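Per-entry structural report
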Amino acid sequence: MNIQMPAIALRGLVLFPENLISFDVGRDKSIKAIDAAMKGDRQIYLVPQMDFEMEDPKAEDLYDVGVVAEVRQVLKLHDNVIKVLVETQYRAKTKEIADDGYLQAVVEKYPVRKVGSQKADKIEALIRTIKDSFDRYLTVSPKISKEVIGNVFLIDEANELCEYIASNIVFKVDDNLSTLSDFRYKRKYKAQNGENGRGSRCNGKRGEDLIIKVPRGTVIREEETGLVMADMSIEETFIAAKG
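Residues numbered from 1 in each chain as written. Predicted model: local features only at pLDDT ≥ 70, side-chain atom pairs only at ≥ 80, totals over all residues. Heavy atoms only, no water.

1. Here's the deal with the overall build of the protein chain
Check the secondary structure of the protein chain and you find four helices and eleven strands. Put simply, the protein chain has 243 residues, and 36% of those count as buried. Here the contacts in the protein chain between residues at least 6 apart in sequence split such that 64% fall between residues at least 24 apart. Surface accessibility of the protein chain: about 15,000 Å² in total, with carbon and sulfur atoms responsible for 50%. (Helix = DSSP H or I, 4+ residues; strand = E, 2+ residues; numbered from the N terminus. Buried < 20%, exposed > 50% of the residue type's maximum accessible area, 1.4 Å probe, protein only. Contact = heavy atoms within 4.5 Å. Areas by Shrake-Rupley, 256 points an atom, 1.4 Å probe, with all protein chains shown as cover.)

As structure tokens, this is what we get:
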């Protein structure tokens, strides 16, 4: 079933379903989309844009999968910037995007495709590998709660496991750094796990943010496409992944 609602192009931020998250909104079209959502049923479509540097992205500049969220709270900050608190609900796929002073989207629910039985053995092996890696991670991060550890080892569905383990990965400018030489010795970074909710429709405690310090002027690109996600000569902080 197709659903129409206001939409926001997210810059440098990818959201998962079933999370409570706040972020700043400064673009005029995005503020108008928030206003439209608040005047209606508070539903809004949040979809990442491909090029971080693009100020006024069109339909073709957006990825075709995002999340539908409910706007929970809007707080006016300064200089026409607002902070928005949303509760993400489910994945959706873009059917149409129109621009009428702000982005309006027609979307349909887009559940994660289940893996066919012919790939069950491979998925089972990958799940074992993830859990083995998590087990090794516990030796260097002993502060994770017993409840979280138990949940990780009880989850047998691949998508649920990956999203449960995911947390925030943050890049932050450090003017004391002048080169990226340290990255030659450490290529991969993994954030701490979050905790599960305590009951129905409750959000769990977030894991500690993984903050990666980089010198001013660093350009962060998506590995597969080469698209610029953040220019750290402009940004002080960039959230690369949000769980």
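2. Some remarks on helix α2 (residues 120-138)
End to end, α2 covers 27 Å across 19 residues, agreeing with the expected 27 Å (1.5 Å per residue, within 8%). Along α2, the residues classified as buried are Ile127, Lys131, Phe134, Tyr137 and Leu138. The arc that holds the buried residues of α2, viewed along the axis, is 110 degrees, so those residues lie on one side. Projecting away from the buried face of α2 at angles above 90 degrees are the exposed residues Asp121, Lys122 and Arg136. Looking at the buried residues of α2, the elements they touch are α3 (146-154) and α4 (158-165). (Expected span 1.5 Å × (residues − 1). Arc of directions from axis to C-beta.)

3. Focus: the side chain of glutamine 49
With respect to the element layout, glutamine 49 can be found in the loop between β3 (43-48) and β4 (65-76). Engagement of the side chain of glutamine 49 in a polar contact is seen with the side chain of arginine 27, the distance being 2.8 Å. (Polar contact = N/O pair within 3.5 Å; in protein donor to acceptor, adjacent residues only side chain to side chain.)

4. A closer look at α4
Because an α-helix completes one turn every 3.6 residues, residues spaced three or four positions apart along the sequence face the same direction. Residues Leu161, Tyr164 and Ile165 constitute the buried set of α4. Along the axis of α4, the buried positions cluster into a sector of 90 degrees, meaning they face one direction only. Its buried side turned inward, α4 meets α2 and α3.

5. Some points on the pattern of salt bridges
Under the definition given, this model contains eleven salt bridges. Linking arginine 11 and glutamate 55 is a salt bridge whose minimum nitrogen-to-oxygen distance equals 2.8 Å. Of this pair, arginine 11 sits in the loop between β1 (2-10) and β2 (20-25) while glutamate 55 sits in the loop between β3 and β4, placing them 44 residues apart in sequence. Residue aspartate 56 pairs with lysine 29 through a salt bridge whose shortest N-O separation is 2.8 Å. Here lysine 29 lies in helix α1 (residues 28-39) and aspartate 56 lies in the loop between β3 and β4, a separation of 27 residues in the sequence. Note on aspartate 56: relative accessible area 35%, which makes it partly exposed. By relative accessible area, lysine 29 is classed as partly exposed at 24%. (Salt bridge = Lys/Arg side-chain N within 4 Å of Asp/Glu carboxyl O.)

6. Remarks on the packing of α2 against α4
At a minimum axis separation of 10 Å, α2 and α4 run at an interaxial angle of 20 degrees. By the criterion of interaxial angle, the relationship of α2 to α4 is roughly parallel. With respect to the hand of their crossing, α2 and α4 are arranged in left-handed fashion. Counting all contacts with α2, which are made through Ile123, Ile127, Ile130 and Lys131, the residues of α4 involved are Ala158, Leu161, Cys162 and Ile165. Of the residues contributing to the contact of α2 with α4, the split by class is seven nonpolar, no polar and one charged. (Axes fitted to C-alpha atoms, helices over the stretch in contact; angles between N-to-C directions. Parallel < 35°, antiparallel > 145°, perpendicular 65-115°, else oblique. Left-handed = near helix turned anticlockwise from the far one by under 90°. Nonpolar A, V, L, I, M, F, W, Y, C, P; charged D, E, K, R; others polar.)

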